[in-house]
Amino acid sequence: MILLTTLLVAAMPPSVDAVAGAGALDGPVSLALPHLELAVTLADASIRGTARWRWVNDAAQPLTELHFVLEANLGAERNPELSNIANAGGFLTDWEPSGTDVQGVYDAAGQPLAWHYLPAPTVQQSYSLARGFVVVELAQPLAPTEAVEVVIDFVTIVPHRRGDAGHFNGDVTWRFGWFPSPRHRDIAGWSDRPVLVA
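Presented here is an overview of the structure given in this document. Treat the numbers as computed from the prediction; the structure is a model and nothing was measured. Within every chain, residues take consecutive numbers counted from 1 along the sequence as written. Restriction of local features to residues with pLDDT of at least 70 applies here, the model being predicted, together with a cutoff of 80 or more for giving and counting side-chain atom pairs; totals for whole chains, interfaces and linings are based on all residues. Computation of side-chain values: all heavy atoms of the structure, hydrogens and water removed.

### Topic: the overall build of the chain
Helix and strand counts for the chain come out as 1 helix and 15 strands. The classification of residues rests on relative accessible area computed with a 1.4 Å probe and restricted to protein chains. Under 20% of the type maximum is buried, over 50% is exposed, and intermediate values are partly exposed. Of all 198 residues assigned to the chain, the portion counted as buried reaches 41%. Within the structure as shown, the chain displays about 9800 Å² of accessible surface, and the carbon and sulfur contribution to it stands at 53%. Strands are runs of DSSP state E lasting at least two residues, helices are runs of H or I lasting at least four, and both sets are numbered from the N terminus onward. Here the open area of atoms and residues is found with the Shrake-Rupley method and a 1.4 Å probe, where only the protein chains shown may cover a residue.

### Section: the nonpolar core
Nonpolar side chains in soluble globular proteins generally cluster together in the buried interior. The term nonpolar core refers to a set of buried residues drawn from Ala, Val, Leu, Ile, Met, Phe, Trp, Tyr and Cys, joined through side-chain atoms within 4.5 Å. Leu66, Phe68, Val105, Val150 and Trp174 are the most contacted members of the largest nonpolar core, which totals 25 residues. Listed by contribution, the elements that provide at least two residues to this core are strand 5 (46-56), strand 6 (63-69), strand 7 (99-107), strand 9 (133-142), strand 10 (147-157) and strand 12 (171-174). When neighbours within four sequence positions are excluded, Val105 is seen to be in contact with Gln111, Pro112, Leu113, Trp115, Val136, Val150, Val151 and Ile152. Residue contacts are counted whenever heavy atoms from the two residues lie within 4.5 Å of one another.

### Focus on the side chain of Asp107
In this fold, Asp107 is placed in strand 7. There is a polar contact of 2.9 Å between the side chain of Asp107 and the backbone nitrogen of Ala109. Two N or O atoms count as a polar contact when they lie within 3.5 Å, although within protein this holds only if one can serve as hydrogen donor and the other as acceptor, and sequence-adjacent residues are included solely when both atoms are side-chain atoms. For Asp107, the side chain forms a polar contact with the main-chain nitrogen of Gln111, separated by 2.8 Å. Excluding residues that lie within four positions of it along the chain, Asp107 makes contacts with Leu113, Glu149 and Val151.

### Some thoughts on the pattern of salt bridges
Note that side chains of opposite charge can pair when their charged atoms are close. Salt bridge, as used here, is a side-chain nitrogen of Lys or Arg placed within 4 Å of a carboxyl oxygen of Asp or Glu. This structure, assessed with the given rule, holds 4 salt bridges. Between Arg52 and Glu149 there is a salt bridge whose closest N-O contact spans 2.9 Å. Of this pair, Arg52 sits in strand 5 while Glu149 sits in strand 10; the two residues are 97 residues apart in sequence, bridging distant segments of the chain.

### Quick notes on the packing of aromatic side chains
Only Phe, Tyr and Trp rings are paired, with Trp represented by its six-membered ring, and only when their centres lie within 6.5 Å; those with planes under 30 degrees apart are stacked, over 60 edge-to-face, the remainder tilted. Across all of its chains, the model carries 5 aromatic pairs by this definition. Judged by centre distance (5.8 Å) and plane angle (70°), the rings of Trp55 and Trp190 are edge-to-face. Of this pair, Trp55 sits in strand 5 while Trp190 sits in strand 15 (residues 189-190); the two residues are 135 residues apart in sequence, bridging distant segments of the chain. Given a relative accessible area of 23%, Trp190 falls into the partly exposed group. Ring geometry for Trp178 and Phe179: centres 4.9 Å apart, planes at 70°, overall edge-to-face. An aromatic cluster of at least three residues, connected via ring pairs, comprises Trp53, Trp178 and Phe179. We call a charge positioned above a ring when the Lys NZ or Arg CZ atom is no farther than 6 Å from the ring centre and deviates by at most 35 degrees from the ring normal. Geometry around Phe91 places Arg161 over its ring, the cationic atom sitting 4.4 Å from the centre. A cation over a ring is seen here: Arg183 above Phe133, with NZ or CZ 3.9 Å from the ring centre.

### Thoughts on unusual backbone geometry
The backbone of Thr145 sits at a positive phi, close to 75°, despite the residue not being glycine. By the element assignment, Thr145 lies in the loop between strand 9 and strand 10. Overall, the relative accessible area of 68% leaves Thr145 in the exposed class. Phi is positive for Ala165, which is not a glycine, with a value near 55°. The residue Ala165 is located in the loop between strand 10 and strand 11 (166-168) in this model.

### Some remarks on the pairing of strand 6
Counting buried positions along strand 6 yields 5 of 7 residues, so the element is predominantly enclosed. Examined bridge by bridge, strand 6 and strand 13 (residues 181-182) share 2 bridges and lie antiparallel to one another. Within the sheet, the bridge partner assigned to Phe68 lies in strand 13 and is Pro182. Strand pairing is defined by DSSP finding a minimum of two bridges between the two strands.

This is the structure in structure tokens:
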């Protein structure tokens with residue numbers, strides 16, 4: 001059995017036109033939602049997918065890049081402040097990393113877009129921050145009120161553990177943060193405030 005869910009709420013950037021849903025997935029599947037489309041396959045304790053986002057610029061200035069959160073990468077390294085035993089809590093044998101690797105980023109026509117990783121700020125933790133965001137460089141500035149579609153191919157590694165964000169005994173469960181999601185943006189620009197999920 002495979003259970004992948006997500007619901008983007010509360011602090012969702014107003015510049016992102018997206019709604020997400022929940023459901024049980026078994027094998028290749030496409031989730032077609034108003035402005036977010038996810039195509040997902042699962043194999044070898046990983047989630048391979050494509051996230052297609054439609055982003056509307058509600059800012060007063062043009063945007064030259066878009067930021068997406070890679071929440072799974074916050075589990076890529078052990079917490080250096082904890083013992084090995086504490087780090088291994090909840091895992092079957094020992095601590096295992098999680099993480100999302102971006103495989104490619106494209107525009108709506110399938111043309112590659114330049115992208116790079118950006119460290120996450122020290123807000124909730126001080127480790128495993130090196131690839132907290134992926135920054136997508138737009139082919140041309142996105143003017144206010146205009147929209148652009150961005151397609152992100154990704155692979156998320158699922159650790160061997162019971163419960164959320166893990167795989168155990170043939171089951172994969174990951175509720176939130178298993179695919180690239182929009183970074184919060186406010187009037188001052190890109191924000192360190194997390195996008196809340198529930």
